[in-house]
Amino acid sequence: MSQYSLELQDVYKSFGKSEIIRGAALQVATGERIAIIGPNGAGKSTLFNLISGRFGVSSGDILLNGKSVLDLPPYEINRRGLSRSFQITNIFHRLSVFENLRCAVLWSLGYKYSFWHRLNGLKDAQERAEDIMEQIGLKRRRDVSAGLLTYAEQRALEIGITIAGGADVILLDEPTAGMSRSESDAAVELIRKVTIGKTLLIVEHDMGVVFGLADRIAVLVYGEVIACDIPSKIRGNAKVQEAYLGGHAPVEG
Amino acid sequence: MMTSNTTTMKYSPLNLGRWLIWSFFALVLIIAPMIFDKGASLSILSQMGTIMIFALAYNMLLGQGGMLSFGHAVYSGLGAYFAIHAMNLAGNGAIWMPLPLIPLIGGVAGMFFGVLFGYVTTKKSGTTFAMITLGIVELVHACSLMFPGFFGGEGGIASNRVYGEPFLGITYGPQIQVYYLIAFWLFISTIGMYAFTQTPLGRVINAVRDNPERVEFIGYNTQRVRYMTLILSAFFCGISGALAAINFEIVTDENVSAFRSGAVLLFTFIGGVGFFFGPILGAIVGIFLTVVLGDFTKAWLLYLGAFFIIVVMYAPGGLASLIMLNLRVAKFGRFKRIFPSLAAVSVSSVIMLLGVVLFIEMLYHFTLESLSYGTERQLFGFTVDTAAPTGWLVAGAIFIVGLVFFRMTKKSFQLVWGDVNTEIEELIKGGKA
């Protein structure tokens, strides 16, 4: 067992001739919360897609709990304890909130492809789903189709599905994108609450969220992690100021 | 239909116990032949039974898994071939296999080919999946003419379902005994397929239908989910094929054709893919439109096609969704409000339909039969001369009256229907702005 939950070693990724990720390196300790910031097109979402197995890397290595996850399909990486959310809401529209969450807990409870268990007889899956539903505050929307939820509720469900399987490494891709200030505050509280004791990687544009949530901030510019440090030091980092904000330090709020 | 706290069937109108519904279903199966006891109705009921199993199994893919298969007759057809060979072998005394268990042979055979072909087809999803299934059904159909030893060439394989010692006097010679055999298998298969929707795999295939990408990120291999569902579906298809073989005592290459696959797709869609019981309705209406209507008019295929198009365009959820939407309106106590305009629209549609049917029937008679049978024919009790203008004018007049009436009533119906359903959806949303 390595000391790092997640480790990126000199990762490269190109699509055709364009290199999106060029030598990104990052080490995330167990239980740490890291925010990834960077200008548009820096490759933040691509980095998440590489870590979660949606795309394969061109070169380099990605270690999850000390073991390489290169060339593994997403479901295999998920089974090894990494779960992610999506920037564009990615839920099961025609299933109810409860069913969305129940689907998300089934594999981790070992039911696999079972067609000999009766779903309603699976108390553990039911309790787990109810539990998550309580945490994300959608209890009274239990039987509503996910497609009918409000945007903020869908984002909360997105986080719920991500954490439901009990993975200990969580990747959240812009969880507060498109939210109002109060919705976003609630989402941050939710994220803080549900990721206690877990390793968290979060892509975020909102500096308020970033500074409020992260133990360390990683700055990604043109496919490279140019700095990774505690928030107060990132603010004063000359390289970050120049590359990311054109000379203006990230400001809170 | 079935109520429980699952919400995939979210329009479940009444919270009746599951037992009540299943008992009612069993009761209907038992008394149906006593109510419909005229002429060929027993044979029609038997056909409906086999097609119900087929359509329900097909809907495991289409409705529950979002997989559009054009080649499902492969599984029912090959199941039927294995079943009929087993019947012949058992008839010769080569193997021991009582007739009531023959459907199991068909099921296992269907499942075997599900394992075989499904491995290839479920590697892909969406349009690619549909294309590959079409390829496979053409492949199997071509093979059926290439290997006459097994498939019997163009004449097919015939058999006799009466063999072995009668058990309690049941020989399976009379149609009524075959009907009850089919009803029995229909009942267990329906329970089996409904139970499937209540299992982890049955729920995850819904998730795969809604959003396959996300399923990969909650630990499931979507390809495996589709593959396993297809294998189970193929099992029930095989049962249906075997029952058809017992019913007709013959299996031909048509059983493994794209035509047969298309028919089950049509029936399932007409019935409604969004509800578990939709395919049951689809099988009833489908067999009615093909077999029963075929006895009355040569234009049955035209009516089937037109009906299918109307369903796809105006009620894409099928007959099941029409029923459930109206029940939902009734459940929220608003049926009184829509009833007058609903009745007006229905009556005007029927008048329009009558005009169209008269027109089509006269046209068919005039172009196809007038040379050999004369230009006169009976229509709804009247003698109509299709060469004279009177009949055409009457048909045209009826149609125009219906059309005018329809256009007058359509607007108000749409308004009320829209209002009522918006109100109900707001209520369901739980007062959320």
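Because the structure is a prediction, the values reported are computed rather than measured.

A. Main features of the domain arrangement of chain B. All names here are of chain B. You can read the domains of chain B as domain 1 (18-320) and domain 2 (332-428). Between domain 1 and domain 2, the residue contacts involve four residues of the former and four residues of the latter. Across the side of domain 1 that touches domain 2, the residue classes tally to two nonpolar, one polar and one charged.

B. Representation of the sheet that holds strand β5 (residues 67-68) of chain A in the model. Residues and elements named next belong to chain A. Strands sit in the order β2-β1-β4-β5 across an open sheet of four strands; the sheet is antiparallel. Each having just a single partner strand, β2 (18-29) and β5 make up the two edges of the open sheet. Sheet topology places strand β4 (residues 59-64) next to β5; two bridges connect them, and they run antiparallel. Bridge assignment links Leu-64 to a residue of β5, and that residue is Lys-67. With respect to the sheet, helix α1 (residues 44-51) is in contact with β1 (4-15), β2 and β4, its orientation differing from that of β2 by roughly 65 degrees.

C. Fine view of the packing of helix α8 (residues 200-210) of chain B against helix α10 (residues 222-248) of chain B. Residues and elements named next belong to chain B. Interaxial distance between α8 and α10 falls to 10 Å at its minimum, and their mutual angle equals 120 degrees. Judged on the interaxial angle alone, α10 and α8 are oblique. Both α8 and α10 take part in a crossing whose hand is left-handed. Facing Leu-201, Val-204, Ile-205 and Val-208 of α8, the residues of α10 in contact are Thr-222, Val-225, Arg-226, Met-228 and Thr-229. Class assignment for the residues of the contact of α8 with α10 results in six nonpolar, two polar and one charged.

D. Summary view of the pairing of strand β3 (residues 376-379) of chain B. Residue and element names in this part refer to chain B. Looking at chain direction, β3 and strand β4 (residues 382-385) are connected through four bridges and run antiparallel. The residue bridging Leu-379 from the neighbouring strand is Phe-382, located in β4. In this antiparallel pair of consecutive strands, β3 and β4, the connection spans two residues, and Phe-380 shows a positive phi of 50 degrees.

E. How the structure looks around the domain arrangement of chain A. Residues and elements named next belong to chain A. Along its sequence, chain A is carved into domain 1 (1-81 + 169-253) and domain 2 (89-166). Residue-level contacts link 13 residues of domain 1 with eleven residues of domain 2. At the level of elements, α2 (74-79), β7 (169-173) and α6 (181-194) are the ones that each hand at least two residues to the side of domain 1 that touches domain 2. With six residues, the top contributor of residues to the side of domain 1 that touches domain 2 is α6. In terms of residue class, the side of domain 1 that touches domain 2 is built from eight nonpolar, two polar and three charged.

F. Main features of the nonpolar core. Residues Ile-36 and Leu-101 of chain A together with Val-74, Ala-83 and Val-204 of chain B are the most contacted members of the largest nonpolar core, which totals 176 residues. No other element matches the 16 residues that α10 of chain B contributes to this core. For Leu-101 of chain A, the residues in contact, after removing those within four places along its chain, are Ala-129, Ile-132, Met-133, Gly-160, Ile-161 and Ala-164 of chain A.

G. Geometry of unusual backbone geometry. Residues and elements named next belong to chain A. With a phi close to 50 degrees, Asp-10 is a non-glycine residue in the positive phi region. As for its placement among the helices and strands, Asp-10 is situated in strand β1. According to the C-beta neighbour criterion, Asp-10 is exposed, with 12 such atoms within 10 Å. Positive phi, normally seen in glycine, also occurs at Asn-65, with a value near 50 degrees. Residue placement: Asn-65 occurs in the loop between β4 and β5.

H. Geometry of the interface of chain B and chain A. Taken together, the contact pairs 31 residues of chain B with 39 residues of chain A. Secondary structure elements with two or more residues in the side of chain B that touches chain A: α8, α9 (212-216) and α10 of chain B. With eight residues, the top contributor of residues to the side of chain B that touches chain A is α8 of chain B. Split by residue class, the side of chain B that touches chain A holds eleven nonpolar, eleven polar and nine charged.

I. Layout of the packing of helix α11 (residues 258-271) of chain B against helix α12 (residues 278-296) of chain B. Residues and elements named next belong to chain B. Their axes nearest at 7 Å, the elements α11 and α12 cross at an angle of 120 degrees. For α11 against α12, the interelement crossing comes out right-handed. Each of Leu-266, Phe-267, Thr-268, Ile-270 and Gly-271 in α11 lies in contact with α12, whose residues at this interface are Gly-278, Pro-279, Ile-280, Leu-281, Gly-282, Ala-283, Val-285 and Gly-286. Grouping the constituent residues of the contact of α11 with α12 by class yields eight nonpolar, five polar and no charged.

J. Highlighting the sheet that holds strand β10 (residues 224-229) of chain A. All names here are of chain A. With mixed pairing, the six strands of this open sheet are ordered in space as β6-β7-β8-β3-β9-β10. The strands lining the two open edges of the sheet, one partner per strand, are β6 (82-84) and β10. Recorded for the sheet is a direction-independent mean angle of 20 degrees between the axes of neighbouring strands. Pairing of strand β9 (residues 216-221) with β10 involves five bridges; the strand directions are antiparallel. Within the sheet, the bridge partner assigned to Leu-220 lies in β10 and is Val-225. Lying on the sheet, α1 is in contact with β3 (33-37), β6, β7, β8 (199-203) and β9; it crosses β7 at an angle near 145 degrees.

Conventions we followed
Residues numbered from 1 in each chain as written. Chains lettered and ligands numbered in written order. Predicted model: local features only at pLDDT ≥ 70, side-chain atom pairs only at ≥ 80, totals over all residues. Domains from an automatic or database assignment. Contact = placed C-beta atoms within 7 Å. Nonpolar A, V, L, I, M, F, W, Y, C, P; charged D, E, K, R; others polar. Pairing = 2+ DSSP bridges. Helix = DSSP H or I, 4+ residues; strand = E, 2+ residues; numbered from the N terminus. Axes fitted to C-alpha atoms, helices over the stretch in contact; angles between N-to-C directions. Parallel < 35°, antiparallel > 145°, perpendicular 65-115°, else oblique. Left-handed = near helix turned anticlockwise from the far one by under 90°. Core = buried A, V, L, I, M, F, W, Y, C linked by C-beta atoms within 7 Å. Buried ≥ 20, exposed ≤ 12 C-beta atoms within 10 Å, placed from the backbone.

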